[in-house]
Amino acid sequence: QVQLVETGGGLVQAGGSLRLSCAASGNIFSGNRMGWYRQAPGKQRDLVADITSGGSTNYADSVKGRFTISRDNAKNTMYLQMNSLKPEDTAVYYCKYSHLLYSSWGQGTQVTVSS
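What this report covers is the structure whose coordinates are included nearby. Note that the structure is predicted; figures quoted are calculated from it, not measured.

With that settled, consider the sheet that holds strand E1 (residues 2-7). A sheet is described by the order of its strands in space; here four strands give the open sequence E1-E3-E8-E7, paired in antiparallel fashion. Single-partner strands in this sheet number two, and they are E1 and strand E7 (67-72). Going across the sheet, the axis of each strand differs from the next one's by a mean of 15°, ignoring polarity. As defined by bridge partners, E7 adjoins strand E8 (residues 77-82) across six bridges and the pair is classed as antiparallel. When the sheet's bridge partners are listed, arginine 71 is paired in E8 with methionine 78.

Structure below.
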């Protein structure tokens, strides 16, 4: 079992920045993948960015050049630096851990971008 806790959400004006953190605990295996997903009201949960334990990254086209995903394996923590935020980035942001057939989700953190 892996437990995930997201922090760092909040209210920010368009053009501003936020940094999300996801702290993982439990049975964490090497070779895992962690990612950030988001879900706006009435919409499906979509991938924002993910990163392997080796540091390979993948971004949704809508956030490329604005968001940066990173992780500190020693601290079992993943980050999402969000710059140049837009109102359409408003959503609940979820952290996900995956290893082989196992996956775990955090409880989510709200990000609201005002225009």
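There is more to say after this.
A few words now on the packing of aromatic side chains. Summed over the entire model, instances satisfying the criterion amount to three aromatic pairs. Ring geometry for tyrosine 94 and tryptophan 105: centres 6.4 Å apart, planes at 85°, overall edge-to-face. Here tyrosine 94, found in strand E9 (residues 91-99), pairs with tryptophan 105, found in strand E10 (residues 102-105); they are 11 residues apart in sequence, far enough to count as distant. The interplanar angle of 65° and the centroid separation of 6.2 Å between the aromatic rings of tyrosine 97 and tyrosine 102 together place this pair among those described as edge-to-face. Taking relative accessible area as the criterion, tyrosine 97 reaches 1% and is therefore assigned buried. Here tyrosine 102 falls in the partly exposed class, since its relative accessible area comes to 29%. In textbook terms, an aromatic cluster arises when at least three aromatic residues are bridged by ring pairs, as seen for Tyr37, Tyr94 and Trp105. Lying across the ring of tyrosine 79, arginine 19 places its NZ or CZ 4.1 Å from the centre. Of note, arginine 45 hangs over the ring of tyrosine 94, and the distance from its end group to the ring centre comes to 3.6 Å.

Conventions and cut-offs
- Residues numbered from 1 in each chain as written.
- Predicted model: local features only at pLDDT ≥ 70, side-chain atom pairs only at ≥ 80, totals over all residues.
- Heavy atoms only, no water.
- Pairing = 2+ DSSP bridges.
- Helix = DSSP H or I, 4+ residues; strand = E, 2+ residues; numbered from the N terminus.
- Axes fitted to C-alpha atoms, helices over the stretch in contact; angles between N-to-C directions.
- Phe/Tyr/Trp six-rings, centres within 6.5 Å; stacked < 30°, edge-to-face > 60°.
- Buried < 20%, exposed > 50% of the residue type's maximum accessible area, 1.4 Å probe, protein only.
- Lys NZ or Arg CZ within 6 Å of the ring centre and 35° of its normal.

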